[in-house]
Amino acid sequence: MTDNPIKTERRGHVFEVTLDRPKANAIDLATSRIMGEVFTEFRDDLELRVAIITGAGEKFFCPGWDLKAAADGDEVDGDYGKGGFGGLQELRGLNKPVIAAVNGICCGGGLELALSADIILAADHASFALPEINSGTVADAASIKLPKRIPYHIAMEMLFTGRWIDAEEAARWGMINQIHSGADLMVKAREMADLLASGPPLVYAAIKEVVREAEDMKFQDAMNKITKSQFETVETLYRSEDQLEGAKAFAEKRDPVWKGK
């Protein structure tokens, strides 16, 4: 469909997803449902190992919820589709790396979308905020995630005041990984994606599951769950050809060839 607000491109093992919904790349219910299908495709395709999510244009990554659509009848508690809002933040079993390439304004649900990625790269002109306070609503996912990602008091200030921060401050608080010029952003995102795509997908899957499941567990409980073979991805890894390949490659002093099985 030429009017599809989500553009995708497969580049080897890398899956690029571009939110292209003029004028600001805001997400309504229909767009969210499409995004859910897109990220489900990424999750379930064994040939795809890494995803990049970005926005079209140079001004907006995503401002989040489409308030105009809401005024026209989209319900804020409506059907967002698979994976919840933006198709990413609640998608079960997504055990592959996701990179957010933030190319501009990133606020509200757009910031929540970026926080759902594993690595965040930003253009030097990108800016971030949680302005929900000004529209009488709560940034629900950000209220859960942000205080765990950056210092508590900074997160609460952003949530309470809705103030904007630039890319430099976001990097200082550890919200984003790297800052690049707008011209270099996708170049660097693709370099990162290619690096990850060359790595061991079963190890990535195990890392993501352990990190996700252990977030609210005591350390020893999480370790016990690993030793008792209760993480499916870890057990898959330990019984895989790739683990044998890693040991052989190390012994033979060569680069491993990962098959993801």
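Above this text sits the structure in question.
Residues numbered from 1 in each chain as written. Predicted model: local features only at pLDDT ≥ 70, side-chain atom pairs only at ≥ 80, totals over all residues. Heavy atoms only, no water.

## Here we look at the overall build of the protein
- Of the regular secondary structure elements, the protein holds eleven helices and ten strands.
- Taking 18 Å as the expected radius of gyration for a compact globule of 261 residues, we find that the protein reaches 19 Å, a close match to that expectation.
- Considering only residue pairs separated by 6 or more positions, the protein has 67% of its internal contacts joining residues 24 or more positions apart.
- Counting only carbon and sulfur atoms, one obtains 54% of the accessible surface of the protein, whose full area is about 13700 Å².
- In the protein, which carries 31 positive and 42 negative side-chain charges, the distance between the mean positions of the two groups comes to 5 Å. (Helix = DSSP H or I, 4+ residues; strand = E, 2+ residues; numbered from the N terminus. Rg over C-alpha atoms; globule rule 2.2 N^0.38 Å. Contact = heavy atoms within 4.5 Å. Areas by Shrake-Rupley, 256 points an atom, 1.4 Å probe, with all protein chains shown as cover. Lys, Arg positive; Asp, Glu negative; His and termini not counted. Charge placed at Lys NZ, Arg CZ, Asp CG, Glu CD.)

## Let's talk about the packing of aromatic side chains
- Summed over all chains, the structure comprises three aromatic pairs.
- Measuring from centroid to centroid gives 5.8 Å for Trp 65 and Tyr 80, while their planes differ by 80°, and the two rings are edge-to-face. Of this pair, Trp 65 sits in the loop between strand S4 (60-62) and helix H2 (67-71) while Tyr 80 is found in the loop between H2 and strand S5 (98-102), placing the two residues 15 residues apart along the sequence. Residue Trp 65 shares its accessibility class with Tyr 80, and that shared class is buried. (Phe/Tyr/Trp six-rings, centres within 6.5 Å; stacked < 30°, edge-to-face > 60°. Buried < 20%, exposed > 50% of the residue type's maximum accessible area, 1.4 Å probe, protein only.)

## So, helix H8 (residues 201-214)
- Given a rise of 1.5 Å per residue, 14 residues ought to cover 20 Å, and the 20 Å separating the end C-alpha atoms of H8 matches this to within 8%.
- Within H8, burial applies to Pro 201, Leu 202, Tyr 204, Ala 205, Ala 206, Lys 208, Glu 209 and Val 210.
- For H8, the elements touching its buried residues are helix H7 (185-197), helix H9 (219-227), helix H10 (232-238) and helix H11 (241-251). (Expected span 1.5 Å × (residues − 1).)

## Some details on the pairing of S5
- With five of its five residues buried, S5 lies for the most part within the structure.
- Side-chain alternation along S5 places Val 98, Ala 100 and Val 102 on one buried face and Ile 99 and Ala 101 on a second face that is also buried.
- By the bridge criterion, four bridges tie strand S3 (residues 50-55) to S5 in an arrangement that is parallel. Within S5, the residue paired with Ile 52 across the bridge is Ile 99.
- Pairing between S5 and strand S7 (residues 119-123): four bridges, direction parallel. Residue Ala 101 lies in a different strand from S7, and its bridge partner there is Leu 121. (Pairing = 2+ DSSP bridges.)

## Description of the sheet that holds strand S8 (residues 127-129)
- Pairing within the open sheet is mixed, and its four strands lie in the order S4-S6-S8-S9. The open sheet terminates on both sides in strands that have one partner only, identified here as S4 and strand S9 (165-166).
- Two elements, S8 and S9, share two bridges in a ladder whose sense is antiparallel. Across the sheet, Phe 128 pairs through a bridge with Ile 165, a residue of S9.

## Examining the sheet that holds strand S2 (residues 14-19)
- Read from one edge to the other, the open sheet built from six strands follows the order S1-S2-S3-S5-S7-S10, with strand pairing classed as mixed. Lying at the two open borders of the sheet, with one neighbouring strand each, are strand S1 (6-11) and strand S10 (178-180). Going from strand to strand, the sheet's axes swing by 20° on average, the running direction of each strand aside.
- The strands touched by helix H1 (residues 29-44) within the sheet are S1, S2, S3 and S5, with S2 carrying the most contacts at an inclination of about 175°. (Axes fitted to C-alpha atoms, helices over the stretch in contact; angles between N-to-C directions.)

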